[in-house]
Amino acid sequence: IDVSLNNITVTSNTIEIPVNLDTKGVQTSALQFEFVYDKTKVKFEDIKSELPNSWYVFANSKDGKIRFGAIDRDLKNPVTGTSVPFRLKFSALENGLDLNTRIQITSNLDASDKNGNQLGINLNTQTIKLTGYNNFN
């Protein structure tokens, strides 16, 4: 499956990072990711999910690291095709227009089908650059 993450030009103190997913037709029943960020620059606020209601979504943020994901509790509503299963919300701890930081994606990630078989994840990047509008060149 492909996971696409994009650099963000920050225009306010609120930052939303979409996690774009393309399962390439594979039925996916579980997802897990881990991001690390500079806790002196941004604060994790919330995670929004566009997954079916039967999915259990979790997020745990501590010391500049957030682990998040979801699992299809009933194993009856897999995700297939393209979607944005997660949107992570952060807030800038300084003026967002002056923000210059990044979020790193760790190798602690996983996707599986309803039988627990691991699916390969292809990331388009391992770094999301967050650049405030005033710092954008």
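Before any of the text, the structure's been laid out above.
All residue numbers refer to positions counted from 1 along the written sequence of the respective chain. The model is predicted, so local features are restricted to residues of pLDDT at least 70 and side-chain atom pairs to those at 80 or more, both for listing and for counting; the totals for chains, interfaces and linings are taken over all residues. Calculated side-chain values reflect all of the structure's heavy atoms, with hydrogen atoms and water omitted.

Moving on to the pattern of salt bridges. We define a salt bridge as a contact between a side-chain nitrogen of Lys or Arg and a carboxyl oxygen of Asp or Glu at a distance within 4 Å. Within this structure, the stated rule accounts for seven salt bridges. In this structure, Glu16 engages Arg87 in a salt bridge whose closest nitrogen and oxygen atoms are separated by 3.4 Å. Placement of Glu16 in strand 3 (residues 14-22) and of Arg87 in strand 8 (residues 82-92) is noted, with a sequence separation of 71 residues between them. Residue exposure (1.4 Å probe, protein chains only): buried if accessible area is under 20% of the type maximum, exposed if over 50%, otherwise partly exposed. Glu16 sits in the partly exposed class, given a relative accessible area of 31%. A single network of salt bridges, built from pairs that share partners, joins Glu16, Glu50, Arg87 and Lys89. Secondary structure elements are taken from DSSP: a helix is a run of H or I of four residues or more, a strand is a run of E of two residues or more, and numbering for both begins at the N terminus.

What follows concerns the pairing of strand 4 (residues 30-37). The element strand 4 is largely enclosed, with a buried count of six among its eight residues. Bridge analysis of strand 4 against strand 10 (residues 110-112) gives three bridges, and the strand direction is antiparallel. Paired with Leu31 across the strands is Ala111, a residue of strand 10. Should DSSP find at least two bridges between two strands, the strands are taken to pair. The sheet contact formed by strand 4 and strand 9 (residues 100-105) spans three bridges and is antiparallel.

Let us look at unusual backbone geometry. The phi angle at Lys24 is positive, at roughly 55°, despite the residue not being glycine. Relative to the helices and strands, Lys24 resides in the loop between strand 3 and strand 4. Given the relative accessible area of 54%, Lys24 is considered exposed. At Asp63, a position not held by glycine, the phi torsion is positive, near 50°.

Position of Thr23 relative to the elements: it lies in the loop between strand 3 and strand 4. Judged by relative accessible area, Thr23 falls into the buried class, the value being 0%. Within the structure, the side chain of Thr23 is placed 2.6 Å from the backbone nitrogen of Gly81, a separation counted as a polar contact. The criterion used for residue contact is that any of the two residues' heavy atoms lie within 4.5 Å. Apart from residues lying up to four places away in sequence, Thr23 is in contact with Ile1, Thr28, Val79, Thr80 and Gly81. Any pair of N or O atoms that falls within 3.5 Å is considered a polar contact. Within protein, one atom must be able to donate a hydrogen and the other to accept it, and sequence-neighbouring residues count only if both atoms are side-chain atoms.

Further remarks concern the nonpolar core. If you look at the biggest cluster of nonpolar residues, it comprises 34 residues, and the most contacted ones within it are Ile15, Phe35, Phe86, Leu88 and Leu130. Those elements that provide at least two residues to this core are strand 2 (8-10), strand 3, strand 4, strand 5 (42-49), strand 7 (65-72), strand 8, strand 9 and strand 12 (127-132). In contact with Leu130, other than residues within four places in its own chain, are Ile8, Val10, Ile15, Ile17, Val42, Leu99, Asn100, Thr101, Arg102 and Ile103. Take the buried residues of types Ala, Val, Leu, Ile, Met, Phe, Trp, Tyr and Cys, join any two whose side-chain atoms come within 4.5 Å, and each joined set is a nonpolar core.

This is a description of form; function is not addressed.
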